[in-house]
Amino acid sequence: MTDSRTSRHIPKQPRTLAITGGKGGVGKTSVALNLSLTLAREGYRVLLLDGDTDLANVSIMLGRYPERTLANVMAGECSLRDVIMEAEWGLHIIPGASGVEQCVDMAAEESLRVLKALSRLEKNYDYVITDTASGLQKTGMHMIAAAELACVVVTPDPASLTDAFSLIKLLIRRGYRRTPSVLVNMAQGASQARSVFQRLDAAAVRHLGLQLHYLGAIWRDETLRQSVMNQRPVALLPASDPSSRQFRTLADMLNVRLRQLPLRKAGIAAYWHRVSSGSADTAPASGGGQAKTPKDPAQECKRLTAELGEILADSNDKPLLRYEAFQGLFALLGRKMDADAIEIIQTGLASLNWDKLEKEQREHMATHLRHLAAEVDPAAVPRKAEAIVNKPEREPYYDRISFGEQSRLIRALKEQPSNISLDQLLRSLADTDKNGS
């Protein structure tokens, strides 16, 4: 493959991506390293920030042990360029990138020195990819907020989905305004990967009012597992190797996704400058916006919906609160009855889990909906259905007017010959009553 690095246009700001996960063990560092190497192999200039707060995991996966990290830059012991490690295909790596958070506590003059250097550096790249720390630490939240796209790595393990949901929920709660992408790692195949994503997406839609983006999947692969143990990433294998080819597909999907997003005017250094100067209100995951920007109506609705869900879940008086909540929401919806309102109602009804209802409850609901349909548009209700709607429901009863008291009927049954039919008996009783006997 020819090296097209010299022919590529270096943008004023790189595309920035944060590879993250709700828990450790989902393979996010392997994804970050192999994806970065693949992009570098295709001729892009890539800077990989190793943001793990404990170990330089990226370096370890390459069998390298850095002598300096970003912490040395913060301490004024060396320049930013002195800590850059160069890997195969010209990939540049900065170990200990989580140290950038120290800028928040540094003197303004010192933090500006570091951030200016980072700002100048990142403009030399097409991509800046951050391998964030796992979990819900503040540093990781800031790293996600600093990037224009968050890629949440999950596995089919249910605990991974639970932790990923907690991460996304915390991001939304702290004002994150962008749509996270999801990458399913260690999947057995396309069907399982889609199923895993749909479970997480359904939970996000239901509880957070947020629809996630599916970035793709990486299959469970013995070669990939061995590459971690051997400290030689699969992206270094021949391009025809299936394990290596997976990350080329992922790189293509990433480029497609980034083309759908507007290019940000400011990079990672600018975000950290806002945080360190206090203009970002020190709240991680603000989505890169400033604290005093007007609230986005769509995101505000999602936030309020999520808060309402939490209130209903924590309350001891759930039925009454649910009743009041639904009444209030439907009252808001009914202020303007139009095609959009109808579609919202139809979609909402269709999304309810009717299978959880008992048979009697389903029948009751179906009857109510038929009554409602007749009120909305009587002409649209079929005659058979209209008859069912208009027919009053009656409990079975004994007709005393026609047949007299039940005790009399029982006595007459005992006195009649065994060969007389019930129809003849009832008719004779009715005739007797009419004749006054």
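An account of the accompanying structure is given in this report. (Residues numbered from 1 in each chain as written. Predicted model: local features only at pLDDT ≥ 70, side-chain atom pairs only at ≥ 80, totals over all residues. Heavy atoms only, no water.)

1. Let's talk about the pattern of salt bridges
Next up, step 1: Counted under the stated rule, the structure contains four salt bridges.
Next up, step 2: As a salt-bridge pair, Glu148 and Arg15 come within 3.0 Å of each other at their nearest N and O atoms. On the criterion of sequence distance, the pair formed by Glu148 in the loop between helix H5 (138-146) and strand S6 (149-154) and Arg15 in strand S1 (residues 15-20) is long-range, its members being 133 residues apart. This pair shows no difference in class: Glu148 is buried, exactly as Arg15 is.
Next up, step 3: A salt bridge links Arg248 to Glu42; the nearest nitrogen and oxygen atoms lie 3.6 Å apart. Placement of Arg248 in helix H9 (residues 242-259) and of Glu42 in the loop between helix H1 (28-41) and strand S2 (46-50) is noted, with a sequence separation of 206 residues between them. (Salt bridge = Lys/Arg side-chain N within 4 Å of Asp/Glu carboxyl O. Helix = DSSP H or I, 4+ residues; strand = E, 2+ residues; numbered from the N terminus. Buried < 20%, exposed > 50% of the residue type's maximum accessible area, 1.4 Å probe, protein only.)

2. A word on unusual backbone geometry
Next up, step 1: Unusually for a residue other than glycine, Trp89 sits at a positive phi of about 65°.
Next up, step 2: The topology assignment puts Trp89 in the loop between strand S3 (85-86) and strand S4 (92-94).
Next up, step 3: Residue classification places Trp89 among the partly exposed positions, given a relative accessible area of 38%.
Next up, step 4: In this structure, Gln231 takes a positive phi of about 55° despite not being glycine.
Next up, step 5: Summarising the element assignment, Gln231 is placed in the loop between helix H8 (222-230) and H9.
Next up, step 6: For Gln231, a relative accessible area of 30% gives the class partly exposed.

3. Considerations on the packing of aromatic side chains
Next up, step 1: All chains considered together, the criterion is met by two aromatic pairs.
Next up, step 2: With 5.0 Å between their ring centres and 45° between their planes, Phe197 and Tyr214 make a pair best called tilted. Taken together, the positions of Phe197 in helix H7 (residues 190-208) and Tyr214 in strand S8 (residues 213-219) put the pair 17 residues apart, joining distant regions of the chain. Tyr214 carries the same exposure label as Phe197, and that label is buried.
Next up, step 3: For the cation-ring pair, Arg45 lies above Tyr125, with the distance from its terminal atom to the ring centre recorded as 5.6 Å. (Phe/Tyr/Trp six-rings, centres within 6.5 Å; stacked < 30°, edge-to-face > 60°. Lys NZ or Arg CZ within 6 Å of the ring centre and 35° of its normal.)

4. Comments concerning the pairing of strand S5 (residues 127-131)
Next up, step 1: Most of S5 sits inside the fold, with five of its five residues counted as buried.
Next up, step 2: The side-chain alternation of S5 yields two buried faces, one formed by Tyr127, Ile129 and Asp131 and the other by Val128 and Thr130.
Next up, step 3: Here S1 pairs with S5 via five bridges, running parallel. Bridge pairing links Ala18 to Thr130 in S5.
Next up, step 4: In the sheet, S2 pairs with S5 via five bridges, with the strands oriented parallel. Bridge pairing in S5 links Val46 to Tyr127. (Pairing = 2+ DSSP bridges.)

5. Structural notes on the pairing of strand S7 (residues 181-187)
Next up, step 1: Where burial is concerned, most of S7 is hidden: six out of the seven residues are buried.
Next up, step 2: You can see the chain leave S6, run along helix H6 (residues 158-173) and come back into S7, and the turn it takes is right-handed.
Next up, step 3: Relative to S8, S7 is paired through six bridges, and the arrangement is parallel. Its bridge partner being in S8, Leu183 is matched across the sheet by Gly216.
Next up, step 4: Regarding topology, H7 serves as the crossover connection from S7 to the parallel S8, and that connection is right-handed. (Right-handed = clockwise from strand over helix to strand, strands pointing away.)

6. Things to note about a nonpolar patch on the surface
Next up, step 1: Together, Leu349, Leu352, Leu369, Leu372 and Val376 give the surface a local cluster of nonpolar side chains, amounting to about 420 Å² of exposed area.
Next up, step 2: The element best represented in the nonpolar patch is helix H14 (residues 359-376), accounting for three residues.
Next up, step 3: Of note, Leu369 is situated in helix H14. (Patch = residues over 30% accessible without salt bridge, like charges linked within 9 Å, V, L, I, M, F, W, Y side chains within 5 Å. Areas by Shrake-Rupley, 256 points an atom, 1.4 Å probe, with all protein chains shown as cover.)

7. Quick look at the nonpolar core
The tendency in soluble globular proteins is for nonpolar side chains to be buried as a group.
Next up, step 1: Counting residues in hydrophobic clusters, the biggest one holds 37 residues, and the most contacted among them are Ile19, Leu35, Leu39, Leu91 and Ile129.
Next up, step 2: Those elements that provide at least two residues to this core are S1, H1, S2, helix H2 (57-61), S5, S6, S8 and H9.
Next up, step 3: A per-element tally of this core places H1 first, with seven residues.
Next up, step 4: Not counting residues up to four positions away in its chain, the partners in contact with Leu91 are Leu33, Ser36, Leu37, Ala40, Val46, Leu48, Met85 and Glu86.
Next up, step 5: One finds Ala18, Leu171, Ile172 and Ala193 within the second-largest nonpolar core, a separate group that totals 30 residues. (Core = buried A, V, L, I, M, F, W, Y, C linked by side-chain atoms within 4.5 Å. Contact = heavy atoms within 4.5 Å.)

8. Concerning H6
Next up, step 1: Its 16 residues place the ends of H6 23 Å apart at the C-alpha level, agreeing with the 22 Å of an ideal helix rising 1.5 Å per residue.
Next up, step 2: All buried positions along H6 are accounted for by Ser160, Leu161, Ala164, Phe165, Leu167, Ile168, Leu170, Leu171 and Ile172.
Next up, step 3: Those residues of H6 hidden inside the fold are in contact with S1, H5, S6 and H7.
Next up, step 4: Gly175 occupies a position one or two residues after H6 and carries a positive phi of about 95°. (Expected span 1.5 Å × (residues − 1).)

9. Section: the sheet that holds S6
Next up, step 1: With respect to topology, eight strands assemble into an open sheet ordered S3-S4-S2-S5-S1-S6-S7-S8, the strand pairing being mixed. Looking at strand neighbours, the two that pair on one side only are S3 and S8, the edges of this open sheet.
Next up, step 2: Two strands pair when backbone bridges link them, and S2 and S4 are joined in this way by three bridges, in the parallel orientation. Opposite Leu48, over in S4, you have Ile93 as the bridge partner.
Next up, step 3: Packed onto the sheet, H5 meets S1, S5 and S6 and runs at close to 150° relative to S1. (Axes fitted to C-alpha atoms, helices over the stretch in contact; angles between N-to-C directions.)

10. Here's the deal with H1
Next up, step 1: Between the first and last C-alpha of H1 there are 20 Å, a value that for 14 residues agrees with the 20 Å anticipated at 1.5 Å per step.
Next up, step 2: With respect to burial, H1 is a largely interior element, 14 of its 14 residues being buried.
Next up, step 3: Once H1 finishes, Gly43 follows within two positions and takes phi at roughly 105°, a positive value.

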